[in-house]
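So you can see what is in the structure, the chains are spelled out below.
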Amino acid sequence: MSSSDPASQEARVQLGHVAGAHGIAGALRVRLYNPASNTLRPGLVVELRRDDERRLVTIDSIAPKPGSEFIRVWLREVADRDAAAALQGWELWVDRSELPELGEDEYYLSDVIGHAVVRRGPDDQWQTLGTIVDVTSNGLQDLFEVRLGAATWLLPAIPPFVVEIANDRVIV
């Protein structure tokens, strides 16, 4: 699989979202979409987004939340529980340059949002099955949310369901 042209991709990538406050000292409870990610670190400037609002903030420290799918994140700009609670639901974005380099057949799931999903029909012509509008998970695998008109369906983001990603389309 090959990804699309990096020049056309957004400069930032969403890593997760703020699920709520943790404790009384202003820590955030954050759910990362890749729990194994080690991209976040003290001193890193990240962007928080909600609707049309954007805020640049700096990470002070990070700690796991044992027995949970969440991590705890302390930000320089958040001093107490009330300020942390006010950030619930905000998305956490990082500069693409902070992400690890990809291998030749690798891609970031967020990079395929907006791609057409196509397959070869019986007449050997490409048939459009919809456009990827989001990425989600069922806990076992990542799923592309595909929309065609008013209908939405889920496509497992794994072989054999995804044959190739090339030229701004996902071939199934």
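Because the structure is predicted, anything quoted here is derived from the model rather than measured. (Residues numbered from 1 in each chain as written. Predicted model: local features only at pLDDT ≥ 70, side-chain atom pairs only at ≥ 80, totals over all residues. Heavy atoms only, no water.)

(A) Quick peek at the overall build of the chain. Within the chain, the secondary structure is distributed over one helix and twelve strands. Along the chain direction, N to C, the helices and strands of the chain fall in the order β-β-β-β-β-α-β-β-β-β-β-β-β. Principal-axis analysis of the C-alpha atoms gives the chain an extent of 65 × 35 × 30 Å. For the chain, buried positions account for 35% of its 172 residues. Look at the contacts in the chain between residues 6 or more apart in sequence, and 49% of them connect residues 24 or more apart. Total accessible area on the chain stands at roughly 9900 Å², and carbon and sulfur atoms take up 49% of it. The centroid of the 17 positive side-chain charges in the chain is displaced by 6 Å from the centroid of its 26 negative side-chain charges. (Helix = DSSP H or I, 4+ residues; strand = E, 2+ residues; numbered from the N terminus. Buried < 20%, exposed > 50% of the residue type's maximum accessible area, 1.4 Å probe, protein only. Contact = heavy atoms within 4.5 Å. Areas by Shrake-Rupley, 256 points an atom, 1.4 Å probe, with all protein chains shown as cover. Lys, Arg positive; Asp, Glu negative; His and termini not counted. Charge placed at Lys NZ, Arg CZ, Asp CG, Glu CD.)

(B) The pairing of strand β9 (residues 142-148), seen in detail. Where strand β8 (residues 126-137) and β9 come together, six bridges link them in antiparallel fashion. Residue pairing for β9: threonine 131 is matched across the bridge by arginine 147. Two successive antiparallel strands, β8 and β9, enclose a turn made up of four residues, where glycine 139 displays a positive phi of approximately 95°. The pairing of β9 with strand β10 (residues 151-156) spans six bridges and is classified as antiparallel. (Pairing = 2+ DSSP bridges.)

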